[in-house]
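# Descriptive structure summary
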Amino acid sequence: MTTLEQLPGAFRLGKSKDAGPLAQRARDENVPPANIVNHALVPAMALVGERFKRNDRYAPVAGSAVEKANELVGAGADHPVS
């Protein structure tokens with residue numbers, strides 16, 4: 001399983017401690033920031049939104065994982081991720 005494939009799992013489980021290093025590893029593997037955002041962060045944010053609508057208690061934890069990974073991806077990008 002590639003790093004990019006592992007990231008969404010970290011978000012689903014709300015593992016912010018895993019999401020940050022996985023996002024950094026993807027950057028170290030030269031995965032373009034747009035690919036990280038489009039293939040891991042956007043789907044994860046959609047999941048967080050769905051969980052939030054259902055009042056799922058894990059939504060803030062998953063959101064924290066997405067936020068941490070987004071910080072790393074944005075910090076390493078040539079253009080800021082918005």
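Residues numbered from 1 in each chain as written. Predicted model: local features only at pLDDT ≥ 70, side-chain atom pairs only at ≥ 80, totals over all residues. Heavy atoms only, no water.

### Concerning the confidence of the model for the chain
What counts, and what does not: Values of pLDDT, which run from 0 to 100, indicate the predictor's confidence residue by residue. Secondary structure is summarised from DSSP: a helix means a run of H or I of at least four residues, a strand means a run of E of at least two, and numbering begins at the N terminus for each.
Here the chain averages 74 in pLDDT, and 63% of its residues register 70 or above. Least confident of the elements in the chain is helix α4 (residues 59–76), whose mean pLDDT is 62; most confident is helix α2 (residues 16–28), at 84.

### Comments concerning the environment of Met45
Residue placement: Met45 occurs in helix α3 (residues 33–53). Separated by 37 residues in sequence, Met45 and Pro8 place their C-alpha atoms 9.7 Å apart.

### Here's the deal with the nonpolar core
Our working rule: Among buried residues, the Ala, Val, Leu, Ile, Met, Phe, Trp, Tyr and Cys ones that are joined through side-chain atoms within 4.5 Å form a nonpolar core. The buried label applies to any residue whose accessible area, calculated with a 1.4 Å probe on protein chains only, is under 20% of its type's maximum; exposed applies above 50%, and partly exposed to all values in between.
Ranked by size, the top nonpolar core spans 13 residues in total, and within it Leu7, Phe11, Ile36 and Leu41 carry the most contacts. Contributing elements (two or more residues each) for this core: α1 (3–12), α2 and α3. The greatest single-element share of this core, amounting to five residues, is contributed by α3.

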